[in-house]
Amino acid sequence: MKDFSPSNENAPTLFLNLISYSKISEQSKLTGKIKKEINKNLKISSSEIRNEILKGNMSKVSMMLGYKYFIKGEVIKGDGIGKKLDFPTANIKIHNEDKILPSDGVYAGYAIISDKKFIGMINIGKRPTVEGKERRVEMNIFDYNDILYGKEMKISFIKRIIH
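Here's a quick rundown of the structure. Predicted, not measured: the structure shown is a model, and the values here were computed from it.

**Some words on the overall build of the chain**
For the chain, the helix and strand inventory stands at 5 helices and 6 strands. Shown N-terminal to C-terminal, the secondary structure of the chain runs as helices and strands in the order α-α-α-α-β-α-β-β-β-β-β. When the 163 residues of the chain are sorted by exposure, 35% land in the buried category. Taking as baseline every contact in the chain between residues at least 6 positions apart, the subset at least 24 positions apart corresponds to 56%.

**Thoughts on the pairing of strand 2 (residues 90–94)**
Of all 5 residues in strand 2, 4 are buried; the element is thus mostly enclosed. With 4 bridges connecting them, strand 1 (residues 70–76) and strand 2 associate as antiparallel partners. Bridging across to strand 2, G73 finds its partner in I94. Pairing of strand 2 with strand 5 (residues 136–141), which is carried by 2 bridges, proceeds in the antiparallel orientation. When the sheet's bridge partners are listed, A90 is paired in strand 5 with M139.

**Description of the packing of aromatic side chains**
In this description, an aromatic ring pair is defined by two values, namely the gap between the centres and the angle between the planes. Summed over the entire model, instances satisfying the criterion amount to 4 aromatic pairs. When the ring of Y67 is compared with that of F70, the centres are 6.3 Å apart and the planes differ by 50 degrees; the resulting orientation is tilted. Classification of F70 as partly exposed rests on a relative accessible area of 21%. Through successive ring pairs, a cluster of aromatic residues spans Y69, Y107 and F157. Directly above the ring of F70 sits K99, whose terminal nitrogen or CZ lies 4.6 Å from the centroid. Taking NZ or CZ as reference, K154 lies 4.3 Å from the ring centre of F70, over its face.

**What about the nonpolar core?**
Within the largest apolar cluster, 27 residues are counted, with the highest numbers of intra-cluster contacts made by I92, I113, I122, V137, I141, M153 and F157. Counting residues per element, the ones that place at least two in this core are helix 3 (46–55), helix 4 (58–65), strand 1, strand 2, strand 3 (105–113), strand 4 (116–125), strand 5 and strand 6 (152–162). The leading source of residues in this core is helix 4, at 4 residues. Those residues in contact with I113, other than ones at most four positions away along the chain, are F118, I141, Y144, L148, K151, E152 and M153.

**Things to note about the pattern of salt bridges**
Counting across every chain of the model gives 5 salt bridges. Between E52 and K60 there is a salt bridge, with the nearest N and O atoms lying 3.7 Å from each other. Residue class for K60 comes out partly exposed when judged on its relative accessible area of 27%. In this structure, the salt-bridge partner of D79 is R136, at a minimum N-O distance of 3.3 Å.

The rules behind each value
- The residue count restarts for each chain, going from 1 along the sequence in the order it is written.
- It should be noted that, the model being predicted, local features are given only for residues of pLDDT at least 70 and side-chain atom pairs only at 80 or more, the latter also being counted only at that level, while totals for whole chains, interfaces and linings use all residues.
- Here the side-chain values reflect all heavy atoms present in the structure, with hydrogen atoms and water set aside.
- Strands are runs of DSSP state E lasting at least two residues, helices are runs of H or I lasting at least four, and both sets are numbered from the N terminus onward.
- Throughout this description, buried means an accessible area under 20% of the type-specific maximum (1.4 Å probe, protein chains only), exposed means over 50%, and partly exposed covers the range between.
- Throughout, a contact is declared for two residues whenever any of their heavy atoms are within 4.5 Å.
- Here a strand pair is declared whenever DSSP counts at least two bridges between the two strands.
- In summary, the pairing rule links any two rings of Phe, Tyr or Trp, Trp by its six-membered ring, whose centres are within 6.5 Å, and it sorts them by plane angle into stacked for under 30 degrees, edge-to-face for over 60 and tilted for everything else.
- We call a charge positioned above a ring when the Lys NZ or Arg CZ atom is no farther than 6 Å from the ring centre and deviates by at most 35 degrees from the ring normal.
- Here the nonpolar core consists of buried residues drawn from Ala, Val, Leu, Ile, Met, Phe, Trp, Tyr and Cys, with membership extended through side-chain atoms lying within 4.5 Å.
- One side-chain nitrogen of Lys or Arg within 4 Å of one carboxyl oxygen of Asp or Glu is enough to make a salt bridge.

Shown next, in the form of structure tokens:
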């Protein structure tokens with residue numbers, strides 16, 4: 001088993017940066033100087049951030065922004081296919097239509113619903129396995145069974161897991 005602890009001199013640099021960044025970010029002590037040190041090897045500009053979002057590279061986007069990229073919207077009724085398969089999804093109507101969406105794929109993420117955090121999987125795309133025609137954003141929220149229609153939801157992206 002590989003040792004990725006901060007004391008191991010062979011630990012991957014990016015992994016160490018993620019650990020350091022996460023600890024600093026959680027403590028809400030992220031100053032410009034610290035952020036610059038953590039991201040010294042990243043080119044950070046609004047254009048570069050947009051490009052990384054469009055590529056679906058959400059781990060890098062989080063490093064560049066200093067927080068998890070998110071979208072907000074209202075849960076709307078979908079086709080009900082997920083529910084029939086015992087895999088219900090919350091379909092999201094995004095409030096800001098100009099908000100950049102990551103590329104199509106499946107992402108690990110979490111939702112904030114009524115000030116509570118729930119983890120799950122986010123799918124962005126046309127859903128070719130069910131012959132979907134329009135691009136959608138939907139999320140399967142783990143261990144959540146309440147009805148969400150009409151509720152506001154904030155979805156934060158952690159990492160793309162399927163392209």
